[in-house]
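# Fold and geometry: a report
Each chain, letter by letter, is given below.
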Amino acid sequence: MAHRIEVAFKPEHTDAPGRSIQVRILADLGIQTSEVRTVEVYTLDGTLTHHELDLLGRELFSDPVIQRYSVDVPLARDLAWDWLIEVGYKPGVTDSVGQTAQQAIRDLLQKEINAFSSRQYLIQGKLTAMQAHQIATDLLANDLIERYSIYERAGWDGVIPVVIPAVHLDHQPRVRVINLDVSDEELLKISRERLLALSVEEMCAIREYYQTHHAERARLELPAQPTDVELEALAQNWSEHCKHKIFKGRIEYHDEETGQTQIIDSVFQTFIQGATREISKEKRDWLVSVFEDNAGVIRLDDEYNLVFKVETHNSPSALDPYGGALTGIVGVNRDPLGTGMGCRLLFNTDVFCFADPHYAKPLPKGLKHPKRVLEGVRRGVEHGGNKSGIPTVNGTIRFDERYLGKPLVYCGTGGITPSRVNSQPSHQKVIEAGDLIVMVGGRIGADGIHGATFSSEALTETSPTSAVQIGNPFTQKAMADMLLEARDVGLYKATHDNGAGGLSCSVAELAGRVGGAEIHLEKAPLKYSGLDPWEILLSESQERMTLAVAPGRIDEFLELAKRREVEATVLGRFTDTGKFHVLYEGRTVAYLDVGFVLDGHPQKKMKAIWKRPRYEEPTFPPPKDLGETLHKLLGRLNICSKEYVIRQYDHEVQGSAVVKPLVGARNDGPGDAAILWPVEMMRKNSKRGVVVANGINPNYGDIDTYHMGALALDEAIRNAVAVGADPERIAVLDNFCWSSSDDEFRLAQLVRACKALCEYAVAFGTPFISGKDSMYNDFQGELDGKRVKISVPPTILISALGIIEDIGKAVTMDAKEAGNLIYLLGETRNELGGSEYFSLMGEELRSERFVGNGVPKVDASSAKKLYLALHRAIEEGLVRACHDCSEGGLAVAAAEMAFSGGLGMELDLRKIPGASRFGRDDFLLFSESPSRLLVEVRPEHQKRFEALLKGCVWSWVGSTLKTGEFSVTGVQGKRIIEENIENLKTTWKRTLDW
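This structure is a prediction, so every number in the text was calculated from the model and none was measured. (Residues numbered from 1 in each chain as written. Predicted model: local features only at pLDDT ≥ 70, side-chain atom pairs only at ≥ 80, totals over all residues. Heavy atoms only, no water.)

### Structural notes on the nonpolar core
Phe736 and Phe945 are the most contacted members of the largest nonpolar core, which totals 85 residues. If sequence neighbours within four positions are ignored, phenylalanine 736 has contacts with Phe247, Ile272, Leu750, Ala753, Cys754, Leu757, Lys772, Asp773, Ser774, Thr795 and Ile796. Counting residues in each nonpolar core, the second largest holds 53 residues, with Ile206, Leu231, Leu531 and Phe596 among its members. (Core = buried A, V, L, I, M, F, W, Y, C linked by side-chain atoms within 4.5 Å. Buried < 20%, exposed > 50% of the residue type's maximum accessible area, 1.4 Å probe, protein only. Contact = heavy atoms within 4.5 Å.)

Here it is, written out as structure tokens:
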């Protein structure tokens, strides 16, 4: 029998969730309400006595001080409301709250009761039925994964039906044989209809494989044509998401400027791996494992290694911002966890790219409003990170209308691991034939099917909802803790994330290390019955890892998992047969060469043509009030404070954050990078710490992605150096998000970006250790009866992982003391192409974005020399504060430095080398020339600091002030800016202060 327990705040207590929703209804939808209250609902399916139900309501689900509860009687009967909206998950979607309630009931009553959660929103206000429906669909519920009901008080009969969202699949699992002996057109039709995302060349390669293996399959009494299990497994393993076919393809690159044509056999191997190979010719003994596993590994010291990986979860986040982003963060957690023998997760990072949250134009069919996407993504990463006990320490947010079709959701996770575990190098995986295949963690459902192939194509209004998964961070945390315990006592030999492609990819990739695998799908634990074998093999249901366990240790492993309440199941064994052998209820449903599964796809062949885009060079007079212009820049989406988002994330958990995302006198200034002091270093009395930074600016790619790549790399390194990282001990990760990747110009942009990353990484001596690409970030849909295509701008994120020898010498960006000297390090040039200043002026003068052609350019030789000199100054304790100059240039960086420290600042542009060549103060103030930093130094350290900078470009440009004045003197000797730092700070904070 089913029961409902409802819990609500007592009338005299504030209903914070309800008040928050009321604010969002007005802010996001423009609908006025007088009050919103919430009721938490727990639907219980099972035999329970009235006493037990009362006990659950009183002791488990409610707080008697501030809440009241009812059993099987709607609380809404006694509450004031005009409209009631109840929202819960659809059948089959992970319900984390329900699962937790189910576990708590088991602990309290020793009974197995199915529990499901939902929430009621009781809204007071004169709303129309259309407005109530808009609130439900545009704010409260995501109809991809959630169900909702709407009641009007005037017509309500006092009853809310009990809904059990259980999955009942009236389906007998079966295996189909797919005939590939058809025309090429029919092959493509099969690929489209099954969402395989395979080209005709790839489909033909599969057809040829079966033709050449006909005799073998006949001998084994297997069908001559592929089963759906085989075809689907090949599609997942061959997907762009898994195999990076564009990065590993053959590109004929033609440069129309030079007239030269170049054949590039894999931009990944040539440029990204190539840079690390070249750098490794010099001694880099701190590189442990690069491009070999789920994440990159570097040495922290003689006893510990650091592990780092950054992924994207763009397509799922477009469909379901909350679930997509939640899965993104818990999914990338599993990459370091599945690297080598696994690691303790140390930190998270997040970088988001959205359209303007104030977007006011019509939306194409199938897209969600950018603010709803932002809020959903923010909440998803917040829940995934915070509830996993991992601090989120670094990130940024970019805004551009071209992210309307797909947001970019970069999630990263770093970990720490002993360099050796049980006398073996911890980064290695050693599997032998006969080792058992064990799946641990969550159960398998229909969610996340075709995730890998779905994310390898453009998004459309008909993209499948089955590709979306919902993660449960609590389940994953329990699994992660259990695995580390098992690792330390040697209970398993290798581990791999069950992410893209599910078991089809994780088992196949581990099988590639030993030579084969035999897996029995009927043994896999399912959320519900009725799944076809191919669905079991492909499902990307979350919180799962695949392990290799020696037969002699399996009993100990399963016993540990049972004690830690983590589900673990033996699914088969690894072999040396050379075959990927899948069975279901004793019948072979897939029998493929492991080599063909992993590397049998034909190399993609492409053409790229580079023709430099040319823009009208912006011409406009300097603004009359540069102080007002500075305010406008500080309020722009790409510059303004992101405190609203940052405050949602826990960066204090684990107690290792030394420099946090927000710094300064009031802990609200924009930190350049994070510093962590892992507990492993604390225990051994080492002051060595970990630095995490990033660099990203897609605006520059509109002019030339070559320089965009160089600038992103330089910014990531510069941010790390600014807080104290050793420039000689920085490793980086590259994450590419591209659109229309088969377009010849877009492909040329990709080639140029990779070339730049290679050349500049070698010049800086900064190796790549891992990375990822997401290549089809387009949306195709309908707007006002017309087909539209929205493509993201080419976007590169560079994430930096560095080392600081002494965390006591860490530096933050906020000004520290009045009377100190302010230095500008690096050369300022007339480089405003793609700048925030040009964008601002274009929007003000023409209602369009000015681009320009003078893209900033990195001089790696002088930049590296400068960074080494600055690092020596930091090591000697000469630097009080340091802040990088990026978006908005010198003026924005100086203002941020001043108001973050609560001190005034005076600057004199005449002291900047080459200032007279500019001819106008605004260009000098807002140029975004790279490799520049503002540094605060005490007067008594002036001589030594300047001596360390010998041979570098630098200038003493001003001083800190005790008063709150921010003033700038122009090249003509006149005061051009006189502002109060608190007013500047208010402007900077206002834009996203929701």
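### Some words on the pattern of salt bridges
Per the counting criterion, the structure on display carries 71 salt bridges. With a closest N to O distance of 2.6 Å, aspartate 497 and arginine 334 form a salt bridge. One end of the pair, aspartate 497, is in strand β19 (residues 494-497); the other, arginine 334, is in helix α12 (residues 321-337), with 163 residues separating them in the sequence. The same class applies to aspartate 497 and to arginine 334, which are both buried. One salt-bridge network, in which partners are shared between bridges, spans Asp255, Glu257, Arg612, Asp704 and Arg752. (Salt bridge = Lys/Arg side-chain N within 4 Å of Asp/Glu carboxyl O. Helix = DSSP H or I, 4+ residues; strand = E, 2+ residues; numbered from the N terminus.)

### Side note on helix α10 (residues 267-280)
Taking 1.5 Å of rise per residue, 14 residues should cover 20 Å, and α10 covers 19 Å from first to last C-alpha, within 8% of that figure. Among the residues of α10, those classed as buried are Val267, Phe268, Phe271, Ile272, Gly274, Ala275, Thr276 and Ile279. Where the residues of α10 are buried, they touch β7 (250-255), β8 (260-265), β9 (287-289), β31 (731-737), α24 (744-764) and β32 (768-774). (Expected span 1.5 Å × (residues − 1).)

### Looking at the packing of aromatic side chains
Counted under the stated rule, the structure contains 24 aromatic pairs. When the ring of tryptophan 81 is compared with that of tryptophan 156, the centres are 5.2 Å apart and the planes differ by 65°; the resulting orientation is edge-to-face. On the criterion of sequence distance, the pair formed by tryptophan 81 in the loop between β3 (67-71) and β4 (83-89) and tryptophan 156 in the loop between β6 (146-152) and α5 (184-193) is long-range, its members being 75 residues apart. The two residues tryptophan 81 and tryptophan 156 agree in class, both being buried. Look at tyrosine 209 and phenylalanine 596: their rings are 4.0 Å apart centre to centre, the planes differ by 10°, and that puts the pair in the stacked class. You can see tyrosine 209 sitting in helix α6 (residues 200-212) and its partner phenylalanine 596 sitting in helix α19 (residues 594-599), a full 387 residues away along the chain. Across this residue pair, the class does not change: tyrosine 209 and phenylalanine 596 are buried. Members of the aromatic cluster, joined through ring pairs, are Phe620, Tyr837, Phe838, Phe850, Phe923 and Phe926. It is arginine 752 that lies over the ring of tryptophan 610; its NZ or CZ is 4.4 Å from the centre. (Phe/Tyr/Trp six-rings, centres within 6.5 Å; stacked < 30°, edge-to-face > 60°. Lys NZ or Arg CZ within 6 Å of the ring centre and 35° of its normal.)

### Let's talk about the pairing of strand β34 (residues 786-791)
As paired elements, strand β33 (residues 778-783) and β34 share six bridges and run antiparallel to each other. Residue pairing for β34: glutamine 780 is matched across the bridge by lysine 789. Connecting β33 to the antiparallel partner β34 that follows it, the hairpin turn spans two residues, and aspartate 784 within it adopts a positive phi of roughly 55°. (Pairing = 2+ DSSP bridges.)

### What to know about helix α15 (residues 473-488)
Along its 16 residues, α15 runs 23 Å from first to last C-alpha, staying within 8% of the 22 Å computed at 1.5 Å per residue. For α15, the complete set of buried residues consists of Pro473, Gln476, Met479, Ala480, Met482, Leu483, Leu484, Ala486 and Arg487. Just beyond α15, the residue with positive phi is glycine 490, at close to 70°.

### Looking at unusual backbone geometry
Located in the positive-phi region is alanine 197, a residue other than glycine, with phi close to 55°. Relative to the assigned elements, alanine 197 resides in the loop between α5 and α6.

### So, the sheet that holds strand β11 (residues 304-312)
The strand order β9-β10-β11-β14-β12-β13 describes an open sheet built from six strands, whose pairing is mixed. Looking at the sheet topology across the chains shown, the edges are occupied by β9 and β13 (392-399). Between one strand and the next, the sheet's axes are offset by a mean angle of 20°, whatever the strand orientation. Bridge count for strand β12 (residues 344-354) against strand β14 (residues 408-418) is nine bridges, and the pairing is antiparallel. Paired with cysteine 353 across the strands is leucine 408, a residue of β14. Its contacts with the sheet place α12 against β11, β12 and β14, and it is angled at close to 30° to β14. (Axes fitted to C-alpha atoms, helices over the stretch in contact; angles between N-to-C directions.)

### Remarks on the packing of helix α20 (residues 626-634) against helix α25 (residues 836-846)
Geometry of a packed helix pair, given as the angle between the helix axes and the separation of the axes. Here α20 crosses α25 at 105°, and the two axes come no closer than 10 Å. One element, α20, and the other, α25, form an angle in the roughly perpendicular class. Mapping the contact onto sequence places Thr629, Lys632 and Leu633 in α20 and Glu836, Tyr837, Leu840 and Glu844 in α25. When grouped by side-chain class, the residues that make up the contact of α20 with α25 number three nonpolar, one polar and three charged. (Parallel < 35°, antiparallel > 145°, perpendicular 65-115°, else oblique. Nonpolar A, V, L, I, M, F, W, Y, C, P; charged D, E, K, R; others polar.)

### Some words on the environment of histidine 651
By the secondary structure assignment, histidine 651 is in the loop between α21 (643-646) and β26 (657-659). For histidine 651, a relative accessible area of 10% translates into the label buried. Put simply, histidine 651 and proline 661 are ten residues apart on the chain and 7.8 Å apart in space, counted from C-alpha to C-alpha. Ignoring anything within four residues of it in the chain, the contact list for histidine 651 reads Pro391, Thr392, Val393, Ile646, Ala657, Lys660 and Pro661.

### With respect to the sheet that holds β8
Within the open sheet, the three strands sit side by side as β8-β7-β25. Their pairing is mixed. The strands lining the two open edges of the sheet, one partner per strand, are β8 and β25 (605-610). Across the sheet, the mean angle from the axis of one strand to that of its neighbour is 20°, orientation sign disregarded. In this structure, β7 lies alongside β25, joined through six bridges in parallel fashion.

### Concerning the environment of arginine 174
Position of arginine 174 relative to the elements: it lies in the loop between β6 and α5. Note on arginine 174: relative accessible area 47%, which makes it partly exposed. Not counting residues within four places of it along the chain, the set of residues in contact with arginine 174 comprises Asp228, Asp532 and Pro533.

### Examining the pairing of strand β40 (residues 954-961)
Burial runs high along β40: six of the eight residues are buried. In terms of strand pairing, strand β36 (residues 821-825) meets β40 through five bridges, oriented antiparallel. Each bridged residue has a counterpart across the sheet, and for tyrosine 823 the counterpart in β40 is tryptophan 956.

### Concerning the packing of helix α23 (residues 705-723) against α24
Between α23 and α24, the shortest axis-to-axis distance is 7 Å and the interhelical angle comes to 40°. Classified by chirality, the crossing of α24 by α23 is right-handed. On α24, the residues touching Thr705, Tyr706, Gly709, Ala710, Leu713, Asp714 and Ile717 of α23 are Gln749, Arg752, Ala753, Lys755, Ala756, Leu757, Glu759, Tyr760, Ala761 and Phe764. Along the lines of polarity and charge, the residues of the contact of α23 with α24 split into ten nonpolar, three polar and four charged. (Left-handed = near helix turned anticlockwise from the far one by under 90°.)

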